[in-house]
Number of protein chains: 2
Amino acid sequence: MKRARNFSAGPAILPESVLEKVQSEMLSYKDSGMSVMEMSHRSSLFEEIISDAEQLLRELMNIPEGYKVLFLQGGASLQFSMIPMNLGKGGKVGYINSGSWAKKAISEAKILKVPNIEVLASSEADNFTYIPEIPETDEAYDYIHITTNNTIEGTAFQTIPRFVNAPIVADMSSNILSNRYDVNDFGLIYAGAQKNIGPAGLTIVIVKEDLIQTENTLPSMLDYRTHIKNDSLYNTPPSFSIYVAKLVFEWLKDLGGVEAMVKMNEEKAGLLYRTIEESDLFSSPVAVNSRSLTNIPFVTGDKDLDAKFVKEATALGFLNLKGHRSVGGMRASIYNAFPYEGVKELTEFMKAFEAKEGKFK
Amino acid sequence: MKRARNFSAGPAILPESVLEKVQSEMLSYKDSGMSVMEMSHRSSLFEEIISDAEQLLRELMNIPEGYKVLFLQGGASLQFSMIPMNLGKGGKVGYINSGSWAKKAISEAKILKVPNIEVLASSEADNFTYIPEIPETDEAYDYIHITTNNTIEGTAFQTIPRFVNAPIVADMSSNILSNRYDVNDFGLIYAGAQKNIGPAGLTIVIVKEDLIQTENTLPSMLDYRTHIKNDSLYNTPPSFSIYVAKLVFEWLKDLGGVEAMVKMNEEKAGLLYRTIEESDLFSSPVAVNSRSLTNIPFVTGDKDLDAKFVKEATALGFLNLKGHRSVGGMRASIYNAFPYEGVKELTEFMKAFEAKEGKFK
C-alpha cells in the first residue's frame, strides 16, 4: 500500500521507518513476549524506554541541567490550566494573543480567576495574520506566555522575546524539534506530541525546576511537583505513546538532529512559499515576516475554487489540505516527518491546477 | 516468538488477535495510506472509529439512554479530582475506604477542600483484606464513591450497594467488562483503559447526564460538560488508544460479550483459588467473601520463599507475578484477555514448586 501525502495538522504523519519498527515489535518487544502496550510501567523494560526517551530529547534539544522533562497527559489544553495553577504566584501574568490557541490559553487562565492577567500584545483584530510586536518591559511577571507557532493561522515567532523579570512559558506544540530554540530562553516549554513527536495522548513539559515553588495545594495530577518527584510515573503514563516518541527521537537523531531537520524544513517550506509567491492564483494570508515553517496556509480568494482544489487534491492522495474551519482555504502542515518529495508533488499539482483553471487572483 | 504469560496488573495483556490486527493496519488503516496514529481526529475515518467504540461499549455494558460515554485522559487518578469538582454540589459526599486506590480518591477530595467528606466504611485497619460492611442510610449525599475491584489487595464488591438519596460513583478500573454490572446501579462509572480495555492513556467515563448540573466554573478540560458537548473531541483525544479499545470491544463481542467473559473469568479464577485452597504452601490473604475475579494475591508466608517463587516463575515466562510493593507476596492479574491455559500452567508450576520446596504453611 502506497503511503498517503498526509498534510494533517495533527495527529500527523510519522516516519515510515518508525511505523515499521512499531509494527515489527507489536507482538513481542525485544523478545519479551509482550507488546509495549502490555508492559507494566514499573518494569525494567519500560523504565529503560522512558529513560531513553528523556535522554534523547535532552540531547536533541540540548536541555540544560536544572530543567525537568515530564511526560504527561491531557494535551496543551490541560496545560492552559496547569500553568497558571503551578506558576501563578499572585503577581501579574502576561499573555501574547497571537492565535486561536493563545486565545484559549488566556480564557483558561481567566476561568481560574488568576489575578492580573495582562494581554501584552495581540493581532486578533487582524485575524492573527502576523505575530504582534512585543513591547519591552522590565516589570515583574510570574510568567509571560507565548505560542511559538500558531498551528491554525500559520504564523511563528521568528525570535523569542526576552524579559528581565519574567520567564517565558511557551506552547511549542506545533514546532517543537522543528525549529532552532535555546531552552535557556524559556522557563517552561510544553507540547502535545501529536504533531512532531508521536501519537496523541502524550504531552511533553520541559520546566525549569526553580520555577516550581508554588505554595498552592493542588490536585496531585495537576501539580508539576508530583510528576517531577515520580519521574512521570506517579500513575500509569501513556506508555505506548512514550515508546513511539522514543523511536521518533532516535529517527531524528539519526538524521542529524534538530539542525538537520530545520534545514530540511526550510527547504520544504521554501519550495511551497516560492510556489505561492510565483502563482497568479494562490496567495498566502500571512505576513511574510511571521511565516511558519510547519503550517502553511494558502487561498485562491474564491471559496468555491478552494473547495474544488481540496477535492481534486484529495482524489490524488494529498490528504487533509482543508484549512481549519475557523480560517478556511487550504493549509499544508509539513512537520519533520513530511517528506520533501511530497511537497514537490503538491507544488506541481498546484501549478497544474492553476493552468487548468486559468483564473488569476 | 512465543507470547509471555503476562500477569501484569496493568498495563496488561491484550488479545493476540487484536495486536495482530493493529500490526496489520500499522502503515495503512483501511487503505487510507495512514496509520490511525497519523489520522486527524476530525477525519471521517476517525469519527467512525470513536463512534463505533462508543456503540460497542454501549452494547457490551447495556448502557441506558441518559448516560453519556466519554473518552478522556489522565487515568483514574485525574478522576479522583474531577468527580468532586463536577459532582460535588456542597452537600455531603461519602467514600468507602476499601483499598489503596480508594484511599487516594479520598485524599484527592480532601485536597479540593470538599466540605463534608464522610468515610462510611473502611477496612484499612485490617490491611484492606476484605470489603467492609456498608451501612444503610437514607441521608442525602451528592455521591457515594466505591471501588468495585481493589487491584492491589485483590478484593471486590460482590453486590453494589444501593442508597435512596445517593448516586453511586464507581472506580471500575480493574474489573470493567470482567464482572456483571447493571449500569442503572451507578451514577458514574470510570476506568483507566490499561487493564481490560486497551493501552494506557485512555480513561472511560460513563455518566448519568442529569448528575452534571454543577454551577461551578471549571477549567474546560476538567469539566464533564465540555467533553459531553464535544463528544470527547474538545481537543485531540488519545486516538490510537481509542482505536485499540474499539478492537478489544469487537473481540469481546465476538466471544459472546460480558456474560461469556464472566464465565471464563470464573473458571480461571476458580482454578487458581482452588489450587491455593488445596495447597499446604500457598494461601490467600483475602477474605473468601471478598475475593476478586481479576486480581488474585497469594503468599507463602515466607518473604524469601515468595521471592524465590517469583524468580523461578519469571525464568519460566510467568511474568509480573510479584505483588504490589505495598503488599508483597504474589499477585496474578488475570483480566479478560488472559487465557485459561496460562492459569492452568501457573497452577501446575505452583504445585511443582510446592513439591520441590517441601515446605508447608
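Calculation rules
Residues numbered from 1 in each chain as written. Chains lettered and ligands numbered in written order. Predicted model: local features only at pLDDT ≥ 70, side-chain atom pairs only at ≥ 80, totals over all residues. Heavy atoms only, no water. Helix = DSSP H or I, 4+ residues; strand = E, 2+ residues; numbered from the N terminus. Rg over C-alpha atoms; globule rule 2.2 N^0.38 Å. Buried < 20%, exposed > 50% of the residue type's maximum accessible area, 1.4 Å probe, protein only. Contact = heavy atoms within 4.5 Å. Lys, Arg positive; Asp, Glu negative; His and termini not counted. Charge placed at Lys NZ, Arg CZ, Asp CG, Glu CD. Axes fitted to C-alpha atoms, helices over the stretch in contact; angles between N-to-C directions. Parallel < 35°, antiparallel > 145°, perpendicular 65-115°, else oblique. Left-handed = near helix turned anticlockwise from the far one by under 90°. Nonpolar A, V, L, I, M, F, W, Y, C, P; charged D, E, K, R; others polar. UniProt positions renumbered as here; feature names shortened; annotations may be inferred. Polar contact = N/O pair within 3.5 Å; in protein donor to acceptor, adjacent residues only side chain to side chain. Core = buried A, V, L, I, M, F, W, Y, C linked by side-chain atoms within 4.5 Å. Pairing = 2+ DSSP bridges. Phe/Tyr/Trp six-rings, centres within 6.5 Å; stacked < 30°, edge-to-face > 60°. Least-squares fit on C-alpha atoms with pLDDT ≥ 70 in both. Right-handed = clockwise from strand over helix to strand, strands pointing away.

1. Brief notes about the overall build of chain A
What chain A contains, in helices and strands, is nine helices and 13 strands. A compact globule built from 361 residues should have a C-alpha radius of gyration of about 21 Å, and chain A, at 21 Å, falls within 12% of that. With respect to the principal axes defined by its C-alpha atoms, chain A has extents near 65 × 55 × 30 Å. Classification of the 361 residues of chain A by burial places 65% in the buried group. Relative to all contacts within chain A whose residues are 6 or more apart in sequence, the contacts with residues 24 or more apart total 70%. Of the side chains in chain A, 37 bear a positive and 46 a negative charge, and the two mean positions are spaced by 4 Å.

2. A closer look at the packing of helix α2 (residues 44–61) of chain A against helix α6 (residues 239–254) of chain A
Residues and elements named next belong to chain A. The N-to-C vectors of α2 and α6 enclose an angle of 40 degrees; their axes lie 9 Å apart at closest approach. Compared by their axis directions, α2 and α6 come out oblique. Both α2 and α6 take part in a crossing whose hand is left-handed. In contact with Phe46, Ile49, Ile50, Asp52, Ala53, Leu56, Leu57, Glu59 and Leu60 of α2, α6 contributes Ser239, Ile242, Tyr243, Lys246, Phe249, Glu250, Leu252 and Lys253. Residues that form the contact of α2 with α6 fall into these classes: eleven nonpolar, one polar and five charged.

3. A short note on the environment of A:Ile144
Residue and element names in this part refer to chain A. Assignment of secondary structure puts Ile144 in strand β5 (residues 143–147). Each C-alpha atom, one on Ile144 and one on Ser43, is 39 Å from the other, the two residues being 101 residues apart in sequence. Discounting chain neighbours no more than four positions away, the residues touching Ile144 are Gly94, Ile96, Leu120, Phe163, Ala166, Pro167, Ile168 and Val169.

4. Things to note about the UniProt feature "modified residue: N6-(pyridoxal phosphate)lysine" (unreviewed entry) in chain A
Residues and elements named next belong to chain A. Within this structure's numbering, the places UniProt gives as "modified residue: N6-(pyridoxal phosphate)lysine" (unreviewed entry) are Lys195. As for its placement among the helices and strands, Lys195 is situated in the loop between β9 (188–192) and β10 (203–208). Taking the relative accessible area as the measure of exposure, Lys195 reaches 12% and is therefore buried. With residues up to four places along the chain from it excluded, the contact list for Lys195 reads Ala9, Gly10, Ala12, Ile13, Thr151, Ser173, Ser174 and Tyr335. At a separation of 2.9 Å, a polar atom in the side chain of Lys195 contacts the main-chain carbonyl oxygen of Ala9.

5. Digging into the nonpolar core
A:Phe309 and B:Phe309 are the most contacted members of the largest nonpolar core, which totals 187 residues. In this structure B:Phe309 touches B:Phe282, B:Phe298, B:Leu321, B:Met330, B:Leu346, B:Phe349, B:Met350 and B:Phe353, once residues within four positions along its chain are discounted. Counting residues in hydrophobic clusters, the runner-up holds 58 residues, among them A:Met82, B:Phe80, B:Met82 and B:Leu87.

6. So, the sheet that holds strand β9 (residues 188–192) of chain B
Residue and element names in this part refer to chain B. The strand order across the open sheet formed by seven strands is β2-β10-β9-β8-β5-β3-β4, and the pairing between neighbours is mixed. Looking at which strands have only one partner, the edges of the open sheet turn out to be β2 (67–72) and β4 (117–122). Strand-to-strand twist across the sheet, computed as the mean angle between neighbouring axes with direction ignored, equals 15 degrees. Alignment of strand β3 (residues 93–97) against strand β5 (residues 143–147), held across three bridges, turns out to be parallel. The residue of β5 that forms the bridge with Tyr95 is His145. Running over the sheet, helix α4 (residues 100–111) touches β3, β4 and β5 and is turned about 150 degrees from β3.

7. Notes on the packing of aromatic side chains
Considering all chains together, one arrives at 33 aromatic pairs over all chains under this definition. Aromatic pair B:Phe282 and B:Phe353: ring centres 6.4 Å apart, planes at 35 degrees, arrangement tilted. You can see B:Phe282 sitting in the loop between α7 (257–278) and β11 (295–298) and its partner B:Phe353 sitting in helix α9 (residues 340–357), a full 71 residues away along the chain. The class of B:Phe282 is buried, set by a relative accessible area of 1%. The class of B:Phe353 is buried, set by a relative accessible area of 0%. Seen in terms of ring centroids, B:Phe309 and B:Phe353 are 5.1 Å apart; in terms of plane orientation they differ by 90 degrees. Their pairing is edge-to-face. Remark: B:Phe353 occurs in helix α9 and B:Phe309 occurs in helix α8 (residues 303–315); sequence separation between them is 44 residues. For B:Phe309, a relative accessible area of 0% corresponds to the buried category. Among the aromatic residues, ring-to-ring pairing joins A:Phe7, A:Phe282, A:Phe298, A:Phe309, A:Phe318, A:Phe338, A:Phe349 and A:Phe353 into one connected group.

8. What about the relation of the copies chain A and chain B?
Once chain A has been moved 0.0 Å along the axis and rotated by 180 degrees, it coincides with chain B to within an RMSD of 0.0 Å. Interpreted geometrically, this transformation is the action of a two-fold axis. Of every C-alpha in chain A, the one belonging to A:Gln23 sits nearest the axis of rotation, 2.6 Å from it. Both copies contact each other with a shared surface, as 100% of the interface residues of chain A are interface residues in chain B too.

9. What to know about the pairing of β9(B)
All names here are of chain B. Burial within β9 is extensive, with five of its five residues counted as buried. Of the two faces of β9, the one holding Leu188, Tyr190 and Gly192 and the one holding Ile189 and Ala191 are both buried throughout. Direction of pairing for strand β8 (residues 168–171) relative to β9: parallel, over a ladder of three bridges. If you follow Val169 over to β9, its bridge partner there is Leu188. As paired elements, β9 and strand β10 (residues 203–208) share five bridges and run antiparallel to each other.

10. Some words on the UniProt feature "binding site: pyridoxal 5'-phosphate" (unreviewed entry) in chain A
Within this numbering scheme, the UniProt entry marks A:Ala76, A:Ser77, A:Trp101, A:Thr151, A:Asp171, A:Gln194, A:Asn235 and A:Thr236 as carrying the feature "binding site: pyridoxal 5'-phosphate" (unreviewed entry). A maximum C-alpha distance of 30.5 Å is found for the annotated residues, which run over 161 residues; spatially they are spread out rather than grouped. Look past the residues within four positions of A:Ser77 in its chain and what remains in contact with it is A:Trp101, B:Met221, B:Tyr234 and B:Asn235. With respect to the helices, strands and loops of the structure, A:Thr151 is situated in the loop between β6 (149–150) and β7 (155–156). In this view, A:Thr151 contacts A:Ala9, A:Trp101, A:Ser174, A:Lys195, A:Asn295, A:Arg331 and A:Tyr335; residues no more than four positions away in its chain are not counted.

11. Some details on the environment of A:Ser35
Secondary-structure assignment places A:Ser35 in the loop between α1 (16–24) and α2. Classification of A:Ser35 by relative accessible area gives buried; the value is 1%. Contact partners of A:Ser35, with chain neighbours within four places excluded, come to A:Glu25, A:Met26, A:Leu27, A:Ser28, B:Arg3 and B:Leu19.

12. Considering the pairing of β3(B)
Residues and elements named next belong to chain B. Counting buried residues in β3 gives five out of five residues, a clear majority hidden from the surface. Burial along β3 is two-sided: Val93, Tyr95 and Asn97 facing one way and Gly94 and Ile96 facing the other are all buried. The pairing of β3 with β4 spans five bridges and is parallel. Residue Ile96 lies in a different strand from β4, and its bridge partner there is Ala121. This β-α-β element, β3 to α4 to β4, shows right-handed connectivity.

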